[in-house]
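Listed below, chain by chain, are the residues.
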Amino acid sequence: MARFFPLDVTDIRRETRDAVVVTLSPRDEDRDRFGYIQGQYLTFRRDFDGEELRRSYSICAGLDEKILRVGIKHIDGGFFSGWANSDLKPGDVLEAMPPMGSFHAPLEAEAKKTYLAFAGGSGITPVLSIIKTVLAREPHSDITLIYGNRSISSIMFREELEDLKNRYIGRFNIIHVLENEAQEIDLFSGLIDKEKCRLLFDGWIDIEAVDMAFICGPEPMMLGIAAALKEHGLRDDQIKFELFASAPRPHRMQRQPVTVKSSDKGAVCQATITIDGTTKTIEMASGQSVLQAALAADIDAPHACTAGVCSTCRALVLEGEVEMQTNHALDDYEVERGYVLTCQCHPLSDRVVVDYDQ
Amino acid sequence: MSDEMTIQSYLEQGGKLTSPDNAPARYRGELMRLMASFVDSELAGAAGFADCINDGPGITERIAASRIVLEKLDHGERVLKLMGDFGADTLRYASHHPWTERVARDADIGAARHGADMRLSVFHYPIEGWIDSVTMNVLMGTAVTIQLEELAGISYQPLADEFRAILPRERRHAELGVEGLRKLLADNSEKPAIEASLAYWTPRVAASFGHAGSKRFDALKRFGLRSRTNDALLAEWRETIGKLLAELGIAR
C-alpha cells in the first residue's frame, strides 16, 4: 500500500504567470527513499475540505543537482495546482510518495547517443530532468529538444534551457514551436503534430541518427509524434512516453446518497452491477461476495487473487452498505470514496449498486 | 494546444499509458488481470520446474533447470512490482497461494482458470520426471515466447518495457529446452517416452492460448492490451512446433 512521507518546502519560484517551481527537502531519515531517477514523478496528497486529493508532478531537477524539485502548472479548475500556485509557501510541509515512473533510458558514461525530446507545455518538467542528466552524465551524447507552447510568455524554464544550450554548445539544441505566435520560419509556428514532425525530420533533424526519443505532453501530440517517429523507422523500444492526463478529472465523486436499510445479514440481497456500460440486477445468495455473485451471474468481472491482496477486482459502491472482510490493497482514501474489493465485499443492506466502470 | 481527447480514443489510436494515474477503471481491471495471469504462471511454473532440477541427468542440465527457475521467479517479481504500483500488497501476493499445488495428471480442466489463482491452466498439471519437464519446457517455452511477442507492444508502457526485457530470456528458456531435447534424442530408446510426453502436453499448452473468438478480446484490443487473436497466436505456435519436431524427426 502507498506510503507518504513529509517533504519540507524550502523554496518557491514563480516560473511563468501560471506555473511555480517548488524545491523540497525530505527529512534526514527519509532521504534514501527520495533518491530518484531522471524523469520520475512525485505523487502528493492533501486534504481539501475534508476530501483527500492526490496529484502527481514530475521532478524537473537533474541527478547532479542533488535537490528535489517539481514544476506545478496551474490547470483550469485544478484544486491542487491552483493552491500550489497561490497559497503554497516556504516552510510548508507537503506529503509525497517516493519517486515513481519509468520515463528514462539507462545512462552510459561512454555512450555516444543522439536523443530527441518532445515536450508540450508543462510536459517539459520530466524532459528537463532527462536533458540535464544526460548532458552531465553522458559527455559524448547529444540531445535536441522540440518544445511546444502557446506563446513565448508561457514557456517554462526558458532561461534555464538557454543556459544549458550555452553551456553545452553543440550538444544541446532547442526548437521552440509556438502555437499562437507567428515566427520568422513558418515551421516553428502552430502545433507539434505528425505533419510538423515530418517537416522537421525533412530538413532540421537527422532522424536516422536518433537512438532514443522522449515524448511528454497531451494525448494528441504524443500520438502524432509517435506516428511520425515510427514512420521514420523508430521501434517501440526507442520511444519513451510520459502521459500527462490533459483534462482535470472530477475531484469529487458524484455519489448518490447512501441508503441504509435495516439489514438481516444472510438474507438475500439485490445487487445492481455495472460493467462496460451494461447494468445487470441480480439476487445475491447469503454468504456470497459481490464478486462471486457477479461471476455466478456470468458477469465478466475482473479478479485475480480473491484474497483481498491484489485489488484487480476493485469497484465503486454507489448505493447501499457493504463490509469488506479483508483489505490489503486499497488505501483509506479509496475506501472513503466508496471503493471496495469485490472479492471481499458482502452487502449489509438489502440492495447494493456496484460499478466497475468508475 | 488542442489537447482534448478521451483516454479511450487515445488508446484506440495506439496511445501509451505511463502510470497508474492515467489508467481508467476498466483498463486498470483488465491490465491487473493480465499481469496477475503472468505473475501466477511464472510463480507456478517456477515451482513446478524447481521439483525437476534434481531429475536432470547431469550437472549442465541441472544448471539449465535452475537458471530457468531463477529467471521465472525474477520475471514474476518484476511484474508483481508493477501490480504494487496499483496498490497490490506484493509481499502477501507472493505467498497467498500454494504455487506447487497441482491437479491429478489425468484431470481435465480445459482452458479454465482453476482454484484461486490466475495461472494459465497448463501450469496446474504435474510434471513427471526429466523427459516430461524438457518436453513441457519446449512446448510451453515456445508458447510463452509467442505470447510475450504479442504483449511486448501493449499500451501500458512500464509493462511493455518489462516484457521486452523478459522476452529474450524466456526465448532462451525455450532454446535450453530444445538443447535438452536433442540430448535426450541421442538415445533412441527414449523416443517413445518423449513422444508420449509431447502427446500429453500438446493439447494442454494449446489450451493456454485461450478460447477461439474470446468475447474479451475486442475490449482488450480497444484498450491496446492485445492486437492478435488467440487463434492467430495458436496457429503460429502450431507451425513453429511442427517445424521443430519435423526437424528433430519426432512424430506427433
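Residues numbered from 1 in each chain as written. Chains lettered and ligands numbered in written order. Predicted model: local features only at pLDDT ≥ 70, side-chain atom pairs only at ≥ 80, totals over all residues. Heavy atoms only, no water.

1. What about the layout of surface pockets?
All names here are of chain B. Of the voids in this model, the second largest pocket is the one considered here, and its volume is about 1,500 Å³. At eight residues, the largest contribution of residues to the lining of the second largest pocket is made by helix α2 (residues 25–50). When its residues are assigned to classes, the lining of the second largest pocket shows 22 nonpolar, 12 polar and 13 charged. (1 Å grid on protein atoms, 1.4 Å probe; cavity = no way out; pocket = protein on both sides within 12 Å on 5 of 7 lines; lining within 4 Å. Points joined across faces, edges and corners; volume = space filled by probe spheres on them. Helix = DSSP H or I, 4+ residues; strand = E, 2+ residues; numbered from the N terminus. Nonpolar A, V, L, I, M, F, W, Y, C, P; charged D, E, K, R; others polar.)

2. Regarding the interface of chain B and chain A
Residue-level contacts link 42 residues of chain B with 47 residues of chain A. Between chain B and chain A, a total of about 3,700 Å² is buried, with carbon and sulfur atoms accounting for 54% of that surface. For the pair chain B and chain A, the number of links is five salt bridges. Between B:R33 and A:D300 there is a salt bridge whose closest N-O contact spans 3.4 Å. Looking at the side of chain B that touches chain A, the elements that each hand over two or more residues are α1 (7–12), α2, α3 (59–85), α4 (90–95) and α6 (157–185) of chain B. (Contact = heavy atoms within 4.5 Å. Buried area = accessible area lost by both parts, 1.4 Å probe. Salt bridge = Lys/Arg side-chain N within 4 Å of Asp/Glu carboxyl O.)

3. Observations regarding the domain arrangement of chain A
One can read the domain layout of chain A as domain 1 (5–96), domain 2 (114–243) and domain 3 (269–355). The C-alpha centroid of domain 3 of chain A is placed 35 Å from the C-alpha centroid of domain 1 of chain A. (Domains from an automatic or database assignment.)

4. Let's talk about the side chain of B:R204
All names here are of chain B. Secondary-structure assignment places R204 in helix α7 (residues 191–207). Buried and without a salt bridge, R204 has D108 as its closest oppositely charged side chain, separated by 6.1 Å. Each residue touching R204, except ones within four places of it in the same chain, is listed here: R105, A107, V122 and Y125. (Buried < 20%, exposed > 50% of the residue type's maximum accessible area, 1.4 Å probe, protein only. Lys, Arg positive; Asp, Glu negative; His and termini not counted.)

5. Thoughts on the pattern of salt bridges
Any two side chains of opposite charge can pair, on the condition that their charged atoms come close. Residue and element names in this part refer to chain B. Scanning the entire structure with this criterion turns up 47 salt bridges over all chains. A salt bridge links R172 to E179, with the shortest nitrogen-to-oxygen separation between them at 3.2 Å. Judged by relative accessible area, which is 41%, E179 ranks as partly exposed.

6. Overview of the nonpolar core
Grouped together as the largest cluster of nonpolar side chains are 114 residues, with contacts concentrated most on A:F118 and A:L229. Residue contributions to this core peak at 13 residues, all from α2(B). Residue assignment places this core across two domains, with domain 2 (114–243) and domain 3 (269–355) of chain A each supplying three or more. Excluding anything up to four places from it in sequence, A:F118 contacts A:V127, A:I146, A:I192, A:C197, A:F201, A:F214, A:I215, A:C216, A:M221, A:I225 and A:L229. (Core = buried A, V, L, I, M, F, W, Y, C linked by side-chain atoms within 4.5 Å.)

7. Points about the environment of B:Y200
When you line up the elements, B:Y200 lands in helix α7. Setting aside chain neighbours within four positions, we find B:Y200 in contact with B:R105, B:Y125 and B:P126.

8. Some details on the sheet that holds strand β18 (residues 351–355) of chain A
Residue and element names in this part refer to chain A. Taking strand neighbours across the sheet as the criterion, the five strands line up as β13-β12-β18-β14-β16 in an open arrangement whose pairing is mixed. Both outer strands of the open sheet, β13 (278–284) and β16 (339–341), are each paired with one neighbouring strand and no more. Averaged over all pairs of adjacent strands, the angle between strand axes in this sheet comes to 35°, irrespective of strand direction. One ladder, built from five bridges, connects strand β12 (residues 269–275) with β18; its direction is parallel. The residue of β18 that forms the bridge with T272 is V353. (Pairing = 2+ DSSP bridges. Axes fitted to C-alpha atoms, helices over the stretch in contact; angles between N-to-C directions.)

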